[in-house]
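# Descriptive analysis of the structure
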Amino acid sequence: MRRLLVSEFVTADGVMDGPGGDPSAPRGGWAFQFNRGEDGDQFKRDELTASDALLLGRITYEGFAAAWPGRSDEFGFAEKFNSMPKYVVSSTLSEPLEWNNAHLLKGDLVEEVTELKQQDGGDIMVNGSAQLVQALADNDLVDVYHLMVFPTILGAGKRLFADTPAAMPLRLIEAKPVGSEGVLTMIYERAR
């Protein structure tokens, strides 16, 4: 069974809104104000290497589909990101999706994601996608969280964890400072 891995940039106060400067995020652009260092870059490469598919909400998909297709890098990150299967959860998009190897999930979220998790392969990674992450967490579908926590407090914006129907105990697997400016990488598994 594949794991569902949620990978997020998040502030010290839990905001995940606009880390790269999304114009709709009132305080966006905060993630690139800090040096995450080679260890932080390696953390991101390792999680992508372990993943065989992306699961994205519509807003994140549209942002990624606009940004990633023309990119390349010396590590092969962009090539893998662009070529791997991408499953998009949306009630407003329709097929065909523009980004290479992107597929629209049209049915019940829990059933569709459960079916994806039962397939052979590596992790299914979710980036951004606040509304989708909340729904996945609420339905106990997330297996592991990879968080890159940045040393800033925004005081406003979409939170990684909004109100939940029940407590969700987690178990810390790893916590490590990266870069030279107080960024932390944290890996939590769902305590079941």
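As shown above, the structure is provided for reference.
So, here's what we can say about the structure. On a predicted model such as this, the values are computed, not experimentally measured, just so you know.

Turning our eyes to something else, we now look at the sheet that holds strand β7 (residues 170-178). Judged by pairing direction, the sheet is mixed, and its 8 strands sit side by side in the order β4-β3-β2-β5-β1-β6-β8-β7 without closing on themselves. In this open sheet, the two strands that pair with only one neighbour each are β4 (102-105) and β7. Direction aside, the axes of adjacent strands within the sheet are offset by 25 degrees on average. One ladder, built from 8 bridges, connects β7 with strand β8 (residues 183-190); its direction is antiparallel.

So, about the environment of serine 180. Position of serine 180 relative to the elements: it lies in the loop between β7 and β8. C-alpha separation for the pair serine 180 and glycine 37, spaced 143 residues apart in sequence, amounts to 6.9 Å.

With that settled, the discussion passes to the side chain of threonine 60. Along the polypeptide, threonine 60 turns up in helix α2 (residues 58-67). Owing to a relative accessible area of 13%, threonine 60 belongs among the buried residues under this scheme. Those residues within four positions of threonine 60 in sequence are excluded, and the remaining contacts are Asn127, Gly128 and Ser129.

Rules of the game
- Residues numbered from 1 in each chain as written.
- Predicted model: local features only at pLDDT ≥ 70, side-chain atom pairs only at ≥ 80, totals over all residues.
- Heavy atoms only, no water.
- Pairing = 2+ DSSP bridges.
- Helix = DSSP H or I, 4+ residues; strand = E, 2+ residues; numbered from the N terminus.
- Axes fitted to C-alpha atoms, helices over the stretch in contact; angles between N-to-C directions.
- Buried < 20%, exposed > 50% of the residue type's maximum accessible area, 1.4 Å probe, protein only.
- Contact = heavy atoms within 4.5 Å.

That is the geometry; function is a separate question.
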